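# What the coordinates show
The lines below spell out each chain.
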Number of protein chains: 2
Amino acid sequence: MDDQAVRRVRLTLAYDGARYVGWQRQVNGLAVQEVVEEALSRLTGERTAVTGASRTDAGVHALGQTAHFDTRSRIPDERFALALNTILPPDIRAVNARTADCDFHARFSARAKTYRYWYHRSRVAPVLERGLRWHIPLPLDVATMSREARAMVGEHDFAAFAASGSKAKSTVREVTSVEVSEAPHDPALLELTIRGGGFLYNMVRILAGTLADVGAGKRESGAIARAIQTGDRLELGQTAPPHGLTLMNVEYDGDGGFR
Amino acid sequence: MDDQAVRRVRLTLAYDGARYVGWQRQVNGLAVQEVVEEALSRLTGERTAVTGASRTDAGVHALGQTAHFDTRSRIPDERFALALNTILPPDIRAVNARTADCDFHARFSARAKTYRYWYHRSRVAPVLERGLRWHIPLPLDVATMSREARAMVGEHDFAAFAASGSKAKSTVREVTSVEVSEAPHDPALLELTIRGGGFLYNMVRILAGTLADVGAGKRESGAIARAIQTGDRLELGQTAPPHGLTLMNVEYDGDGGFR
């Protein structure tokens, strides 16, 4: 009866998290997932479920969230993102859409994710970028933060970084790289970039908060190494606010599941 | 009776123009001037009038708007901006406040102003910077735009750039420099920077619109030189949207009126 084959589409999304309760559908507000599913349903005429690689939290942004969905729509790959963008609100953009292998899974096929946390280090808070940077009105020492962050690299039990209420079975994760640097075009802007196989809920924000403490001299160096060893959350700083955090990209094996 | 001397204060302000009808008080909405005056009145306990260097238009941003006001308040210079920021909303920040000569005038003493216009050149609109950049979904040739913009430099009659309804007596202005460049940290970001003694209402936005046309190949090179010669508005492009424009700074003679 139905002559249209189902295909799986890999979708890259960018969004400003300010207005959303996060990626995942929730009862208490609007989720990015929900808005994307409704836009896809309008575009394709089918009820469409979308699975995202990362369940970004309320207020967290994305430049390279990756998702997948199945569709019988015949809209060609090269027109899909543009068509979807005519329906999506301006704070969510489809960056790219491509037909993937039928077993491509945005979450389970993901090999690495990269997050970036932006600090604004100055006496006066930023105005134009106030929705994107955590304002620290104290000197922050980049070299100290960078040295401190290095303890994250490797496969470790990050239990100390697990937010209370986290449901993760194992708290072992692998971090492949971490870097803190001053942006050449704006000395007030510090960028923390971390790449790893996966992250516990709030892990990057607890790292960002701890690095701010250590960089400002409010907490002793070596806190992260001690926290990894002891599993003690109290070795670490506050959970940094969500608006400084952006999911930069998600990586997949080989061709990333593209046909 | 009144033992407090009046002093004149020079105030540097940054703001996100999105929510405002512009710098100047108007009947149809909230102006930046009004919010700053009310914050100063609350801080000092005096009714305070604030004069700005530039009457930035609705939606236009500022990083270095300069203003002056008179006060009998004894709040010291080094604490004034921080105190004011506890009252101002987060989209307006006092960057600096300093006692100036009594004849310092933010508008009439100004010698030069610098504006910057931000374009976002890409297929997909920017999400995180969507309130700060004009999205152009076409290739824009930076070298062509840069060459075209050079015709602005010098003292010219910019009548063609005068928005209809402008009340300026003379349309002669001096532009001291203009530059178009690709931001090294983000190839999608093009920056148009212009410095001059003064600008007609909408002049920078008409320039930005014309450069976009010429850079995209939709209008012939030499349009600006022809417009300056003929005074013909039709040689020029559309008035670019306000959200791409930021007043970067205002310069003053010598010590800038500082004591």
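Residues numbered from 1 in each chain as written. Chains lettered and ligands numbered in written order. Predicted model: local features only at pLDDT ≥ 70, side-chain atom pairs only at ≥ 80, totals over all residues. Heavy atoms only, no water.

### Side note on the packing of aromatic side chains
- Overall, the coordinates contain 16 aromatic pairs over all chains when judged by the stated rule.
- When the ring of A:Tyr117 is compared with that of A:Trp134, the centres are 6.2 Å apart and the planes differ by 85 degrees; the resulting orientation is edge-to-face. In this pair, A:Tyr117 is assigned in strand S5 (residues 110–121) and A:Trp134 in strand S6 (residues 134–136), connecting sequence segments 17 residues apart. Here the two residues A:Tyr117 and A:Trp134 agree in accessibility, since each one is buried.
- Between B:Phe158 and B:Phe161, the ring centres sit 5.7 Å apart and the planes meet at 75 degrees, which makes this aromatic pair edge-to-face. (Phe/Tyr/Trp six-rings, centres within 6.5 Å; stacked < 30°, edge-to-face > 60°. Helix = DSSP H or I, 4+ residues; strand = E, 2+ residues; numbered from the N terminus. Buried < 20%, exposed > 50% of the residue type's maximum accessible area, 1.4 Å probe, protein only.)

### Concerning the pattern of salt bridges
- One pass over the structure, following the stated rule, counts 26 salt bridges over all chains.
- With a shortest N-O distance of 2.6 Å, B:Asp91 and B:Arg19 are connected by a salt bridge. Remark: B:Arg19 occurs in the loop between strand S1 (7–15) and helix H1 (32–44) and B:Asp91 occurs in the loop between helix H2 (77–85) and strand S4 (92–100); sequence separation between them is 72 residues.
- The exposure class of B:Asp91 is buried, given its relative accessible area of 5%.
- Here the residues in one salt-bridge network are A:Glu129, A:Arg133 and A:Asp186, joined through shared partners. (Salt bridge = Lys/Arg side-chain N within 4 Å of Asp/Glu carboxyl O.)

### Topic: the layout of surface pockets
- In this structure, the largest pocket spans a volume of roughly 1,300 Å³.
- Surrounding the largest pocket, 46 residues form its lining, A:Glu129, A:Arg133, A:His185, B:Arg133 and B:His185 being those nearest its centre.
- Contributing elements (two or more residues each) for the lining of the largest pocket: strand S4 (92–100), S5 and strand S9 (186–196) of chain A together with strand S5 (110–121) and strand S9 (186–196) of chain B.
- Here the lining of the largest pocket is composed, by residue class, of 28 nonpolar, six polar and twelve charged. (1 Å grid on protein atoms, 1.4 Å probe; cavity = no way out; pocket = protein on both sides within 12 Å on 5 of 7 lines; lining within 4 Å. Points joined across faces, edges and corners; volume = space filled by probe spheres on them. Nonpolar A, V, L, I, M, F, W, Y, C, P; charged D, E, K, R; others polar.)

### Some points on the interface of chain B and chain A
- Contact with chain B, which involves 23 residues of that partner, is made by 23 residues of chain A.
- Between chain B and chain A, a total of about 1,800 Å² is buried, with carbon and sulfur atoms accounting for 70% of that surface.
- For the interface between chain B and chain A, the tally reads two salt bridges.
- Between B:Arg130 and A:Asp16 there is a salt bridge, with its nearest N and O atoms 3.0 Å apart.
- Between the two partners, chain B and chain A, sit five residue pairs in polar contact (both at pLDDT 80 or more).
- Only S1, strand S3 (61–71), H2 and S4 of chain B provide two or more residues apiece to the side of chain B that touches chain A.
- Residue contributions to the side of chain B that touches chain A peak at four residues, all from S4(B). (Contact = heavy atoms within 4.5 Å. Buried area = accessible area lost by both parts, 1.4 Å probe. Polar contact = N/O pair within 3.5 Å; in protein donor to acceptor, adjacent residues only side chain to side chain.)

### Regarding the domain arrangement of chain A
All names here are of chain A.
- Considered domain by domain, chain A is made up of domain 1 (3–100) and domain 2 (112–251).
- The C-alpha-based centres of domain 1 and domain 2 are spaced at 28 Å.
- With 14 residues of domain 1 at the contact, the number on the domain 2 side is 15 residues.
- Surface buried jointly by domain 1 and domain 2 totals about 1,100 Å² across both partners, of which 56% is contributed by carbon and sulfur atoms.
- Here Arg205 and Asp57 are joined by a salt bridge, their closest N and O atoms 3.1 Å apart.
- It is strand S3 (residues 61–71) that contributes the most residues to the side of domain 1 that touches domain 2, six residues altogether.
- Split into classes, the residues belonging to the side of domain 1 that touches domain 2 amount to five nonpolar, seven polar and two charged. (Domains from an automatic or database assignment.)

### Thoughts on the side chain of A:Ser109
- Take A:Ser109: it is sitting in the loop between S4 and S5.
- Given the relative accessible area of 18%, A:Ser109 is considered buried.

### Notes on the packing of helix H3 (residues 142–149) of chain A against helix H4 (residues 203–215) of chain A
Residue and element names in this part refer to chain A.
- Closest axis-to-axis distance for the H3/H4 pair is 8 Å, and the angle between their directions is 135 degrees. In this view, H3 runs oblique relative to H4, as classed from their interaxial angle. With respect to the hand of their crossing, H3 and H4 are arranged in right-handed fashion. Of H4, the residues touching H3 (which contributes Thr144, Met145, Glu148 and Ala149) are Leu211, Ala212, Val214 and Gly215.
- The residue inventory of the contact of H3 with H4, partitioned by class, reads five nonpolar, two polar and one charged. (Axes fitted to C-alpha atoms, helices over the stretch in contact; angles between N-to-C directions. Parallel < 35°, antiparallel > 145°, perpendicular 65-115°, else oblique. Left-handed = near helix turned anticlockwise from the far one by under 90°.)

### A word on helix H5 (residues 223–230) of chain A
Residue and element names in this part refer to chain A.
- Those residues of H5 that sit buried are Ala223, Ile224, Ala227 and Ile228. Along the axis of H5, the buried positions cluster into a sector of 130 degrees, meaning they face one direction only. Residues of H5 that are exposed and point more than 90 degrees away from the buried face comprise Gln229 and Thr230.
- Tucked inside the fold, the buried residues of H5 contact H3, strand S7 (154–157) and H4.
- Phi for Gly231, located one or two positions after H5, is positive at around 75 degrees. (Arc of directions from axis to C-beta.)

### Description of the confidence of the model for chain A
- Taken as a whole, chain A shows an average pLDDT of 94; of its residues, 94% reach a score of 70 or greater.
- In this model residues 255–259 of chain A is a low-confidence stretch, pLDDT under 50, and it forms 13 contacts with partners more than four residues away in sequence or in other chains. (pLDDT = per-residue confidence, 0-100.)

### Details of the environment of B:Thr210
Residue and element names in this part refer to chain B.
- Positionally, Thr210 belongs in helix H4 (residues 203–215).
- In the structure, Thr210 is positioned 14 residues away from Ile224 in sequence and 7.9 Å away in space, judged by C-alpha atoms.
- Each residue touching Thr210, except ones within four places of it in the same chain, is listed here: Arg219, Ala223, Ile224, Leu236, Gly237 and Gln238.

### Thoughts on the relation of the copies chain B and chain A
- For these two chains of identical sequence, chain B goes onto chain A by a turn of 180 degrees and a shift of 0.0 Å along the axis, with RMSD 0.0 Å. The operation mapping one copy onto its partner corresponds to a two-fold rotation axis. Using C-alpha coordinates, one finds that chain B approaches the rotation axis most closely at B:His185, a distance of 3.6 Å. (Least-squares fit on C-alpha atoms with pLDDT ≥ 70 in both.)

### Thoughts on the environment of A:Ile92
- Note that A:Ile92 resides in strand S4.
- The spacing of A:Ile92 and A:Tyr15 is 77 residues in sequence and 4.3 Å in space, taken between C-alpha atoms.

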